[in-house]
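Understanding the architecture of this molecule
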Amino acid sequence: MNEQEFLTKLKEDILDTEQTISMDTVLQDIEEWDSLSFVSLIAMVKVATGKKLDHKAIQAAETVQDLYNLVK
Amino acid sequence: MSSVTFDFTGSRYVVTGASSGMGRQVTLELAQAGAEVLAIGRNSERLAAVQAECQERIFTAALDVCDAEALEAAVAEFVQEHGKLNGGVHAAGISEFTPLKAHDLATAHRIMDTSFWAGMEVLRLVTKAKYGEKGTSTVLFSSVSAEAPVGGKIHYSAAKAALNTALRAAAKEICSRGHRVNSVMPGWVHTSMTQQAEADGTNMDLFTQRELLGFGQPADVSGMVLYLLSDRARWMTGAAIPVDGGYLA
């Protein structure tokens, strides 16, 4: 999954937000970034790439770029 | 003249199963109450007949609700032309006998696809930010069969029960944006679907005994649906409401 595909999935499916999201966006600044987003992200990445993300690693992520680093 | 009237002026809804029965009734009443309605059904001729009742506020899309891509495309087009949705009604469903002794997996899957999976897709689309306003209301058509299944209707009953369980989990997911989801559980209502079920050999004695107020008409159920869609039901979510003439009493 490339950066653009990840951003689209994150914005339209996981966060379902109309807020502008970039790789530099700080997760705490996204209203929709909540515990349900965590499980949605884990489920999406597993389907798309077969990877199982670590919940603690997601919690430690501060920016969208940090999340993408876990996925790529 | 009813003692209750609704005003849905300026609101937009998607209704599946809109070409007949209770879906048709809900479509007509929403349009009569001022809403713009995307009426979805498989039969374009019957949809056109529904649209003819209120040309200026009923818009149609002939498609199979199990075709998720076609469903989303129709919703996207409606939203682009008219604005975001305020809610949805999933009335599409099929009722066929699937007894264990004559197990037909294809029919069983079709029942689940139409009632359950398509219902989840309607809910997903209505609550998605690009298609729905904040605070939408969705009503799913369950059935008294979810609570009191009859023999031979294994998959129909399971599909309707699945809706009731799924909506409780979904209500918890979607509440942060003020979205609501509920279901209605109609009893035996005179529609083309129940006429077919009667012709297929349904034991009507059972229903005659349990329907304390007699068999219903689509308009006996649509009032509850419009109420759940309305702002008077703003504190209601995650509930399955019997509208059944006393069937579950």
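Here, the structure is the one placed above.
Read on for a plain summary of the structure. Starting afresh in each chain, residues are numbered from 1 along the sequence in its written order. Labels follow written order: the first chain is A, the first ligand is 1, and so on. Reporting in this predicted model follows two pLDDT cut-offs: at least 70 for local features of residues, and 80 or more for side-chain atom pairs to be given and counted; totals over whole chains, interfaces and linings ignore these cut-offs and use all residues. By convention in this description, side-chain values take in all heavy atoms of the structure and omit both hydrogens and water.

1. Topic: helix H4 (residues 64–71) of chain A
Residue and element names in this part refer to chain A. Taken residue by residue, H4 has Val64, Leu67, Tyr68 and Val71 as its buried positions. When H4 is viewed along its axis, its buried side chains cluster within an angular range of 100° and face the same direction. Of the surrounding secondary structure, the elements contacted by the buried residues of H4 are helix H1 (3–14), helix H2 (35–49) and helix H3 (55–60). Burial here depends on accessible area, computed with a 1.4 Å probe over protein chains only, as a share of the maximum for the residue type. Under 20% is buried, over 50% is exposed, and the range in between is partly exposed. The way it works is that DSSP assigns letters per residue, a run of H or I at least four long becomes a helix, a run of E at least two long becomes a strand, and they are numbered from the N terminus. The arc in question is the one traced by the directions running from the helix axis out to the C-beta atoms. In this analysis, two residues are considered to be in contact whenever any of their non-hydrogen atoms come within 4.5 Å of each other.

2. Structural notes on the pairing of strand E2 (residues 36–41) of chain B
All names here are of chain B. Buried residues dominate E2, accounting for five of its six residues. Note on pairing: two strands pair once DSSP finds at least 2 bridges between them. Sheet topology places strand E1 (residues 12–16) next to E2; five bridges connect them, and they run parallel. Looking across to E2, one finds that Thr16 is bridged to Ile40. A clockwise path from the first strand over the helix to the second, with the strands pointing away from the viewer, defines a right-handed crossover. Taking the sense of rotation as the criterion, the β-α-β connection linking E2, helix H2 (residues 44–51) and strand E3 (residues 58–62) turns out right-handed.

3. So, the interface of chain A and chain B
At the interface, eight residues of chain A touch seven residues of chain B. Buried area: the sum, over both parts, of the accessible surface (1.4 Å probe) that disappears when the two are put together. Counting the surface chain A buries against chain B, the share from its top three residues, A:Asp16, A:Glu18 and A:Leu36, is 66%. We count a salt bridge whenever a side-chain nitrogen from Lys or Arg sits within 4 Å of a carboxyl oxygen from Asp or Glu. A salt bridge links B:Lys128 to A:Asp13, with the shortest nitrogen-to-oxygen separation between them at 3.4 Å. Identification of polar contacts relies on pairs of N or O atoms within 3.5 Å, with a donor-acceptor requirement for protein atoms, meaning one able to donate a hydrogen and the other able to accept it, and with residues adjacent in sequence counted only if both atoms are side-chain atoms. Inspection of the region where chain A meets chain B yields eight residue pairs in polar contact (both at pLDDT 80 or more). For this scheme, ten residues count as nonpolar: Ala, Val, Leu, Ile, Met, Phe, Trp, Tyr, Cys and Pro. Four count as charged, namely Asp, Glu, Lys and Arg, and the remainder, Gly too, count as polar. Grouping the constituent residues of the side of chain A that touches chain B by class yields two nonpolar, one polar and five charged.

4. Some points on the side chain of B:Thr107
With respect to the secondary-structure elements, B:Thr107 resides in helix H4 (residues 105–126). Among residues more than four places away in sequence, those in contact with B:Thr107 are B:Glu96 and B:Thr98.

5. Section: the sheet that holds strand E6 (residues 180–186) of chain B
All names here are of chain B. Spatial ordering of the open sheet is given by E3-E2-E1-E4-E5-E6-E7, a layout of seven strands whose pairing is parallel. The sheet is open, and its two edges are formed by E3 and strand E7 (240–243), each paired on a single side. Across this sheet, the average inter-strand angle for adjacent strands is 20°, counted without regard to direction. The axes used here are C-alpha line fits, helices contributing only the stretch in contact, and every angle between their N-to-C directions lies in the interval 0 to 180 degrees. Its contacts with the sheet put H4 on E1, strand E4 (85–90), strand E5 (132–141) and E6, and the angle it makes with E4 is roughly 180°. The strands that helix H5 (residues 154–174) touches are E5, E6 and E7; relative to E6, the one it contacts most, it runs at about 160°.

6. Notes on the packing of aromatic side chains
Residue and element names in this part refer to chain B. Between rings of Phe, Tyr and Trp, where Trp is taken as its six-membered ring, a pair exists when centres lie within 6.5 Å; planes separated by under 30 degrees are stacked, by over 60 edge-to-face, and by other angles tilted. All told, the structure shown has nine aromatic pairs over all chains when counted by the stated rule. Members of the aromatic cluster, each reached through a chain of ring pairs, are Trp188, Phe207, Phe215 and Tyr247. Any Lys NZ or Arg CZ found within 6 Å of a ring centre and within 35 degrees of that ring's normal is scored as a charge over the ring. Lying across the ring of Tyr156, Lys153 places its NZ or CZ 5.5 Å from the centre.

7. Here's the deal with the nonpolar core
Core analysis: the largest hydrophobic core is formed by 32 residues, its most contacted members being B:Leu30, B:Phe141 and B:Val225. Setting aside anything within four residues of it in sequence, one finds B:Val225 in contact with B:Val26, B:Val89, B:Val139, B:Phe141 and B:Val184. Side-chain atoms within 4.5 Å link the members of a nonpolar core, which is a set of buried Ala, Val, Leu, Ile, Met, Phe, Trp, Tyr and Cys residues. One finds A:Met23, A:Trp33, A:Leu41 and A:Tyr68 within the second-largest nonpolar core, a separate group that totals 22 residues.

8. Examining a negative patch on the surface
A patch consists of residues exposed above 30% relative accessible area that lack any salt bridge, with like charges linked at up to 9 Å and nonpolar side chains (Val, Leu, Ile, Met, Phe, Trp, Tyr) linked at up to 5 Å. Only the protein chains shown count as covering a residue, and every accessible area follows the Shrake-Rupley method with a 1.4 Å probe. Under the counting rule used here, the positive set is Lys and Arg, the negative set is Asp and Glu, and His together with the chain ends is not counted. Every charge is mapped to an atom, namely NZ of Lys, CZ of Arg, CG of Asp or CD of Glu. Side chains of B:Asp64, B:Asp67, B:Glu69 and B:Asp113 sit close together on the surface and give a patch of like negative charge. Looking at the element boundaries, B:Asp67 is found in the loop between E3 and helix H3 (68–82).

9. What about unusual backbone geometry?
At A:Asp16, a position not held by glycine, the phi torsion is positive, near 50°. The topology assignment puts A:Asp16 in the loop between H1 and H2.

10. Focus: the pattern of salt bridges
Per the counting criterion, the structure on display carries 12 salt bridges over all chains. Between B:Arg177 and A:Glu32 there is a salt bridge whose closest N-O contact spans 3.4 Å. Highlighted residues: B:Arg177 in the loop between H5 and E6 and A:Glu32 in the loop between H1 and H2, drawn from two different chains. A:Glu32 carries the same exposure label as B:Arg177, and that label is buried.

11. Quick word on H5(B)
The span you would expect from a helix comes to 1.5 Å times its residue count less one. Taking 1.5 Å of rise per residue, the 21 residues of H5(B) would be expected to cover 30 Å, and the 30 Å separating its terminal C-alpha atoms lies within 8% of that figure. The inward-facing, buried residues of H5(B) contact H4, E5, E6, helix H6 (192–199) and E7 of chain B.

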